[in-house]
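This is what each chain is made of:
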There are 2 protein chains.
Amino acid sequence: MRKIRVAAAQLGPIQRDEKREAVVARMIALMDEAAREGADLVVYPELALTTFFPRWYHEDRAEADVWFERAMPNEATAPLFARAREHGMGMSFGYAELTPEGRHFNTAILVDKAGAIVGTYRKIHLPGHDEFDPERTHQHLEKRYFEPGDLGFPVWRTMGGVFGMCICNDRRWPETYRVLGLQGVEMVLLGFNTPSVNSQKGAEAHDQRMFHHRLSVQAGAYQNSTFVVAVAKAGTEDGHHLMGGTCIVDPDGVILGEIPHEDDGILVRDCDLDATRFGKETVFDFARHRRVEHYGLITQRTGAVAPE
Amino acid sequence: MRKIRVAAAQLGPIQRDEKREAVVARMIALMDEAAREGADLVVYPELALTTFFPRWYHEDRAEADVWFERAMPNEATAPLFARAREHGMGMSFGYAELTPEGRHFNTAILVDKAGAIVGTYRKIHLPGHDEFDPERTHQHLEKRYFEPGDLGFPVWRTMGGVFGMCICNDRRWPETYRVLGLQGVEMVLLGFNTPSVNSQKGAEAHDQRMFHHRLSVQAGAYQNSTFVVAVAKAGTEDGHHLMGGTCIVDPDGVILGEIPHEDDGILVRDCDLDATRFGKETVFDFARHRRVEHYGLITQRTGAVAPE
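**Q** Talk me through the overall build of chain A; I want residue IDs and the actual numbers.
**A** Scanning chain A from terminus to terminus reveals 8 helices and 14 strands. Radius of gyration (C-alpha) of chain A: 19 Å, near the 19 Å computed for a compact globule of 308 residues. Judged by the C-alpha coordinates and their principal axes, chain A covers about 60 × 50 × 40 Å. Residues counted as buried form 65% of the 308 residues belonging to chain A. For chain A, the proportion of contacts with a sequence separation of at least 24, taken over those separated by at least 6, is 69%. Put simply, chain A shows about 10,500 Å² of open surface, and 49% of that area lies on carbon and sulfur atoms. Taking the 35 positively charged and 45 negatively charged side chains of chain A as two groups, their mean positions are separated by 4 Å.

**Q** Kindly report on the interface of chain B and chain A, identifying the contributing residues and their values.
**A** Each partner contributes residues to the interface: chain B has 66 residues there, and chain A has 66 residues. Looking at the side of chain B facing chain A, the largest losses of area belong to Trp173(B), His294(B) and Ile298(B), adding up to 11% of the total buried there. A salt bridge links Asp252(B) to Lys201(A); the nearest nitrogen and oxygen atoms lie 3.8 Å apart. At the junction of chain B with chain A, the criterion picks out 39 residue pairs in polar contact (both at pLDDT 80 or more). Where the side of chain B that touches chain A is concerned, the elements lending two or more residues are strand S6 (155-158), helix H4 (174-181), helix H5 (206-224), helix H7 (286-289) and helix H8 (296-300) of chain B. When residues of the side of chain B that touches chain A are assigned to their parent elements, the largest contribution, 9 residues, is made by H5(B). When grouped by side-chain class, the residues that make up the side of chain B that touches chain A number 30 nonpolar, 22 polar and 14 charged.

**Q** Lay out the side chain of Glu46(A) with the relevant residues and their values.
**A** Inspection of the secondary structure puts Glu46(A) in the loop between strand S2 (41-43) and helix H2 (78-87). Every residue in contact with Glu46(A), bar those within four places of it in the chain, is listed here: Phe52(A), Gly94(A), Asn106(A), Lys123(A), Glu142(A), Ile167(A), Cys168(A), Gly191(A), Phe192(A), Asn193(A) and Lys233(A).

**Q** Which residues make up the relation of the copies chain B and chain A, and what values go with them?
**A** With an RMSD of 0.0 Å, the operation that places chain B on chain A is a rotation of 180° combined with a shift of 0.0 Å along the axis. Those values place the two copies in the arrangement expected of a two-fold rotation axis. In this assembly the copies share their binding face: 100% of the residues contributing to the interface of chain B also contribute to that of chain A.

**Q** Describe the sheet that holds strand S14 (residues 265-272) of chain B, naming the residues involved and giving the relevant values.
**A** All names here are of chain B. Read across the open sheet, the 6 strands follow the order S5-S4-S3-S2-S1-S14; overall the sheet is mixed. Looking at which strands have only one partner, the edges of the open sheet turn out to be strand S5 (117-122) and S14. Geometrically, the sheet is characterised by an average inter-axis angle of 25° between neighbouring strands, direction not taken into account. With 8 bridges connecting them, strand S1 (residues 3-10) and S14 associate as antiparallel partners. Residue pairing across strands places Gln 10 opposite Gly 265, the latter belonging to S14. Packing against the sheet, helix H2 (residues 78-87) makes contact with strand S3 (90-98), strand S4 (104-111) and S5, and its axis sits at approximately 165° to S3.

**Q** Lay out H2(B) in plain terms, naming residues and giving numbers.
**A** Residue and element names in this part refer to chain B. Every buried residue of H2 is accounted for by Leu 80, Phe 81 and Ala 84. On an axial view of H2, the arc spanned by its buried residues comes to 100°, and they lie on one face. Of the surrounding elements, those touching the buried residues of H2 are helix H1 (20-36), S3, S4 and S5. Looking at the residues trailing H2, positive phi occurs at Gly 88, about 60°.

**Q** Requested: an account of the sheet that holds strand S1 (residues 3-10) of chain A, with residues and values cited.
**A** Residues and elements named next belong to chain A. One open sheet holds the 6 strands; their spatial order is S5-S4-S3-S2-S1-S14, and the pairing between them is mixed. The open sheet has two edge strands with one neighbour each: strand S5 (117-122) and strand S14 (265-272). In this sheet, adjacent strand axes meet at a mean angle of 25° when their direction is disregarded. Relative to strand S4 (residues 104-111), strand S3 (residues 90-98) runs antiparallel, the two sharing 8 bridges. In the sheet register, Ser 92 faces S4, and the bridge partner there is Leu 110. Lying on the sheet, helix H1 (residues 20-36) is in contact with S1, S2, S3 and S14; it crosses S14 at an angle near 40°. H2 rests against S3, S4 and S5 of the sheet, and its axis sits at about 165° to S3.

**Q** Let's hear about the environment of Ala25(B): which residues, and what values?
**A** Secondary-structure assignment places Ala25(B) in helix H1. Residues Ala25(B) and Ala76(B) lie 51 residues apart in sequence; the distance between their C-alpha atoms is 9.7 Å.

**Q** An account of the state of the cysteines is requested, with residue identities and associated values reported.
**A** All chains considered together, the criterion is met by 0 disulfides over all chains. Cys168(A) takes part in no disulfide bond, and the closest cysteine sulfur, belonging to Cys166(A), lies 9.4 Å away.

**Q** Break down the packing of helix H5 (residues 206-224) of chain A against H5(B) for me, with residues and values.
**A** At a minimum axis distance of 9 Å, the contact between H5(A) and H5(B) shows a crossing angle of 115°. The two elements H5(A) and H5(B) cross, and the hand of that crossing is left-handed. Only Phe211(B), His212(B), Leu215(B), Ser216(B), Gln218(B), Ala219(B), Tyr222(B) and Gln223(B) of H5(B) make contact with H5(A), whose side of the interface consists of Phe211(A), His212(A), Leu215(A), Ser216(A), Gln218(A), Ala219(A), Tyr222(A) and Gln223(A). In terms of residue class, the contact of H5(A) with H5(B) is built from 8 nonpolar, 8 polar and no charged.

**Q** Could you give an account of the environment of Gly119(A), with specific residues and numbers?
**A** Residues and elements named next belong to chain A. The residue Gly 119 is located in strand S5 in this model. Note on Gly 119: relative accessible area 2%, which makes it buried. Note: C-alpha distance between Gly 119 and Gly 303 (184 residues apart in sequence) is 30 Å. If sequence neighbours within four positions are ignored, Gly 119 has contacts with Ala 108, Ile 109, Leu 110, Trp 156 and Met 165.

Thresholds applied
Residues numbered from 1 in each chain as written. Chains lettered and ligands numbered in written order. Predicted model: local features only at pLDDT ≥ 70, side-chain atom pairs only at ≥ 80, totals over all residues. Heavy atoms only, no water. Helix = DSSP H or I, 4+ residues; strand = E, 2+ residues; numbered from the N terminus. Rg over C-alpha atoms; globule rule 2.2 N^0.38 Å. Buried < 20%, exposed > 50% of the residue type's maximum accessible area, 1.4 Å probe, protein only. Contact = heavy atoms within 4.5 Å. Areas by Shrake-Rupley, 256 points an atom, 1.4 Å probe, with all protein chains shown as cover. Lys, Arg positive; Asp, Glu negative; His and termini not counted. Charge placed at Lys NZ, Arg CZ, Asp CG, Glu CD. Buried area = accessible area lost by both parts, 1.4 Å probe. Salt bridge = Lys/Arg side-chain N within 4 Å of Asp/Glu carboxyl O. Polar contact = N/O pair within 3.5 Å; in protein donor to acceptor, adjacent residues only side chain to side chain. Nonpolar A, V, L, I, M, F, W, Y, C, P; charged D, E, K, R; others polar. Least-squares fit on C-alpha atoms with pLDDT ≥ 70 in both. Pairing = 2+ DSSP bridges. Axes fitted to C-alpha atoms, helices over the stretch in contact; angles between N-to-C directions. Arc of directions from axis to C-beta. Disulfide = S-S within 2.5 Å. Left-handed = near helix turned anticlockwise from the far one by under 90°.

Shown next as structure tokens:
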């Protein structure tokens, strides 16, 4: 039994003119609630400090730098780090990162119970497009404002387990979980901001998008025998609706709990990291069952090529 | 619109002493039913011609050769091929293959509407073990009787679409669908024989195993925007129960229909292969979104290696 008590800390909407300080205050309120429930680790969404700004088109990309953090922690987030240290609680959250070299990433960090940043992940599977697209019902300009992550999918041994991170659209790609699984991941921390309308298929129902979310997360958990903590930013931001779907999934792919609303709130579950062992040692004992000699196309070929 | 009308032809149990001729007669009855419903293609399960023999331990492996086919078609299956030609119907089924060189594979074939074998697939992800295991509630000796497939995961352009095959445990491995997806697969034909009891975890409920089956098939379909036709051998064979779960899944991962019983029976659905295009051109446009530079471990490493 290696129990970790994890709190998925969903954020409701953040409006465009909402200040980081106000958001951090909301995050601290959720952290305090998690502390009262005895959580070891609190997990916040992707781009937790601001509205989901890739919906806004800036012709001059530099104008979008206002959404980015040049250091972490920084003045706005220092109180969050301080409170986590005070509680002796680990945490993970996402933010837009502007590096000293001027590079832009959609980033998540993992902070241990002593307040040290022990892990950084930069989003690899950027959805959307990079130029204004008049055909879409709304813009999704992640490919405009971020470059794809350059750190791969690392894992970190901390807080008694093996942790990995991924962000939003990464969860739809089985490669994400598999690269983590091949490093023995036991818990994947995953923040997301998912519009409840498909910008290219308005008829796609909210339920169908929630189904795809759950399907991807549950399959990734099951097929790598890992916990997944999936945390939404939800609700209506300046007229644009983000679906919820915050959930904690066990290594059998079973949803242990979900947040049924679209506001700020936490979901706390005890996760026994030793429960990942049965799957890893039987059906998904990769060493015995995988046949890499037949997987070559996965790394040799980026796009699909159909036969003549 | 590229419509193909497909019949998933589930087989109920086949007892150990049941002759191939009797099984072929059952398969023909299902084919005739599919023909009456106008099917273009009929899909049968894995190891369709015999009982699921890997549950039986033969100390002398050569004794198990009685379950294998030395040619295809052969005397027992010729009537099935003849009837398919007569109906102008494509078909796919699985059988144990013993090659002229003495090699053993768990094989599936794809036969076009003219009766020609246009595709052969040999199962790559063999589950189970290769020696008698007294710890298990029942034996699952696929690793004893078969070698892993040596043909990779090919696809074939036939009957107006791009088809791939996989077998049983292959469906739990996202690599299976991805290698097919990278070749533009539009319909995956998948036969299975799945014991309803986990031989190493008796407490795992039937429902949980059905959940894992559906989860794997639906995720593979969605994440590669392909139809999947999953066909069970079901019911109690000499006291050993195989779960059902025959289903046809669309490129959104949605189950279009399931067979709710464990007997011989068909499930017929119209599949528009053009419905695979939306997913392949948007969320799962691999060329735009995949980042193979970060997938290296998938082919470099077979087993999982956790950090120190």
